[in-house]
Amino acid sequence: MEVTGLVFRTADVRRPILAGITFDCPPASVVIIIGPTGAGKSTLLRMIAGLARPTAGTIRFDGSAIENWDPDQLGCYVGYLPQDAELMGGTVAEAIAGFDESATDEDVVRAAVLASAHDMIVSLPRGYETEIGRDGSRLSGGQRQRIGLARAFFGKRRLILLDEPNSNLDYEGEEALCDAIRQAKARGATLLVATHRPRLLTVADLILFLRDGAQVAFGVPSEVMPQSMSRPTSVRRVRPAAQGGARP
Ligand SMILES: Nc1ncnc2c1ncn2[C@@H]1O[C@H](COP(=O)(O)OP(=O)(O)OP(=O)(O)O)[C@@H](O)[C@H]1O
Ligand SMILES: [Mg+2]
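Because the structure is a prediction, the values reported are computed rather than measured.

Inspection of every chain in the model, using the stated rule, returns 2 aromatic pairs. Taken together, a centroid distance of 5.5 Å and an interplanar angle of 55 degrees make the contact between F23 and F218 tilted. Taken together, the residues span a long stretch of sequence, with F23 in strand 2 (residues 18-24) and F218 in strand 10 (residues 214-219) at a distance of 195 residues. According to the relative accessible area criterion, F23 is buried, its value standing at 4%. On the basis of an interplanar angle of 70 degrees and a centroid distance of 6.3 Å, the ring pair of F61 and W69 is categorised as edge-to-face. Note on accessibility: F61 and W69 belong to one class, buried. Here R158 stacks its cationic end above the ring of Y77, 5.8 Å away from the centre of that ring.

This part covers the sheet that holds strand 6 (residues 78-81). Hydrogen bonds between backbone atoms are what pair the strands of a sheet, whose relative direction is either parallel or antiparallel. If you trace the 6 strands from one edge of the open sheet to the other, you get 6-7-8-3-9-10, paired in mixed fashion. Edge strands, defined here as strands with exactly one partner in the open sheet, are strand 6 and strand 10. Each strand axis lies, on average, 15 degrees off the axis of its neighbour in the sheet, ignoring direction. The pairing of strand 6 with strand 7 (residues 159-163) spans 4 bridges and is parallel. Among the inter-strand pairings, L81 is bridged to a residue of strand 7, identified as L162. Packing of helix 1 (residues 41-48) onto the sheet brings it into contact with strand 3 (30-34), strand 6, strand 7, strand 8 (190-194) and strand 9 (206-211), and relative to strand 7 it is tilted by some 150 degrees. Across the sheet, helix 7 (residues 171-186) lies against strand 3, strand 7 and strand 8, angled at about 150 degrees from strand 8, the strand it touches most.

Close inspection of predicted coordinates is inappropriate for parts of the model with low pLDDT. With 89% of its residues at a pLDDT of 70 or more, the protein shows a mean pLDDT of 86. Confidence over residues 230-248 falls short of pLDDT 50; this stretch has 3 contacts with residues more than four positions distant or in other chains.

For the rest of this paragraph, the subject is a negative patch on the surface. A cluster of acidic residues, E94, D105, E106, E129 and E131, forms a negative patch on the protein surface. On the secondary structure map, E106 appears in helix 4 (residues 105-114).

What follows covers the packing of helix 6 (residues 141-153) against helix 7. The axes of two packed helices give the description: the angle between them and the distance between them. At a closest axis distance of 12 Å, the pairing of helix 6 and helix 7 adopts a crossing angle of 5 degrees. Of the possible angle classes, the one that applies to helix 6 and helix 7 is roughly parallel. Residues R146, L149 and F153 of helix 6 pack against G173, L177, A180, I181 and A184 of helix 7. Among the residues making up the contact of helix 6 with helix 7, the classes are represented as 6 nonpolar, 1 polar and 1 charged.

Near ligand 1 you find 15 residues, and of these G38, K41, S42, T43 and H196 are the closest. A distance of 2.9 Å is found between an oxygen atom of ligand 1 and a backbone nitrogen or oxygen belonging to G38. Measuring from an oxygen atom of ligand 1, one finds a side-chain N or O atom of K41 at 2.7 Å. A total of 630 Å² of accessible area belongs to ligand 1 in isolation, and the protein chains cover 66% of it. Taken together, the residues of the shell around ligand 1 break down into 4 nonpolar, 8 polar and 3 charged.

One finds I32, I96, I121, I147, F153, L162 and I181 to be the most contacted residues of the largest nonpolar core, which totals 47 residues. Contacts of I96, omitting those with residues within four sequence positions, involve V108, A111, A112, I121, Y128, I147, A150, R151 and F154. Membership of the second largest hydrophobic core comes to 30 residues, among which are F23, I33, Y80 and L208.

So, on to helix 4. In an α-helix, one turn spans 3.6 residues; hence positions three or four apart end up facing the same way. Listing the buried residues of helix 4 in full gives V108, A111, A112 and L114. Projection of helix 4 onto a plane perpendicular to its axis shows the buried side chains occupying an angular sector of 165 degrees, all on one side. Along helix 4, the residues that are exposed and aim more than 90 degrees away from the buried face are D105, E106 and R110. Where helix 4 is buried, its residues touch helix 3 (92-97), helix 5 (118-122), helix 6 and helix 7. Where helix 4 terminates, the next one or two residues include S116, which has phi positive at roughly 60 degrees.

The next subject is the pairing of strand 1 (residues 2-8). Bridge count for strand 1 against strand 2 is 5 bridges, and the pairing is antiparallel. Residue pairing for strand 2: L6 is matched across the bridge by I21. With 4 bridges joining them, strand 1 and strand 4 (residues 56-61) adopt antiparallel strand pairing. Within the sheet, the bridge partner assigned to V7 lies in strand 4 and is A56.

The rules behind each value
Residues numbered from 1 in each chain as written. Chains lettered and ligands numbered in written order. Predicted model: local features only at pLDDT ≥ 70, side-chain atom pairs only at ≥ 80, totals over all residues. Heavy atoms only, no water. Phe/Tyr/Trp six-rings, centres within 6.5 Å; stacked < 30°, edge-to-face > 60°. Helix = DSSP H or I, 4+ residues; strand = E, 2+ residues; numbered from the N terminus. Buried < 20%, exposed > 50% of the residue type's maximum accessible area, 1.4 Å probe, protein only. Lys NZ or Arg CZ within 6 Å of the ring centre and 35° of its normal. Pairing = 2+ DSSP bridges. Axes fitted to C-alpha atoms, helices over the stretch in contact; angles between N-to-C directions. Contact = heavy atoms within 4.5 Å. pLDDT = per-residue confidence, 0-100. Patch = residues over 30% accessible without salt bridge, like charges linked within 9 Å, V, L, I, M, F, W, Y side chains within 5 Å. Areas by Shrake-Rupley, 256 points an atom, 1.4 Å probe, with all protein chains shown as cover. Salt bridge = Lys/Arg side-chain N within 4 Å of Asp/Glu carboxyl O. Lys, Arg positive; Asp, Glu negative; His and termini not counted. Charge placed at Lys NZ, Arg CZ, Asp CG, Glu CD. Parallel < 35°, antiparallel > 145°, perpendicular 65-115°, else oblique. Nonpolar A, V, L, I, M, F, W, Y, C, P; charged D, E, K, R; others polar. Near = heavy atom within 4 Å. Polar contact = N/O pair within 3.5 Å; in protein donor to acceptor, adjacent residues only side chain to side chain. Core = buried A, V, L, I, M, F, W, Y, C linked by side-chain atoms within 4.5 Å. Arc of directions from axis to C-beta.

Structure below.
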């Protein structure tokens, strides 16, 4: 996926919401998007998901501009978890498989397992057949997020866009998400993930750093890592274990 000179303006906002974003995601890579609130992370992901049109610039998948792709085909290849994972009505299984009529139960369960949602789903009153309230209101924020993740990972998604996928996840959920990202990458998917939390930086191949709609940096973590996010949070320096067995 390649993004070139992407600009997004609205009539009512003086400065552009995105101002000339240019980067590319090599196949089977994990690109983490960071930056303060209002930086434009969600706007960028929405555009790549095809839900908003840029004012200028291009987005290409496999060399072909997004507007030349058949939307149905894109729907099969691109998985998108929005920041406020809204789930429409229907059952949990339907929420995961979307409108894919060829989806088998096995496909649905596989995506749920990958998103670490399976155990939670089978503990619901009717498991995968549980009806979700129109606004997903019968589920907690974390449950909605896990089902939204299963939907984003469903099928043979080649590009997976996740907007703050760990904002409602507990420690275990975050660890499972990192595993799911690694597994999706191992089968060749490219992932683009916006996050405020440092945990996901550990799975990053590349980091895109935005601020006020501008691209501050794009590159490998060791080059891009801004001071604020590289401060040790859970990582402490540990003395290497003594060589040659335990001391008395
Ligand atoms: N359609 C729109 N019309 C007007 N302003 C918009 C529109 N979409 C986004 N914005 C503005 O663009 C800016 C970037 O918003 P965006 O949601 O992309 O930020 P973000 O980096 O995802 O922030 P957060 O970390 O809080 O999720 C904000 O100032 C927002 O108010
Ligand atoms: Mg956002």
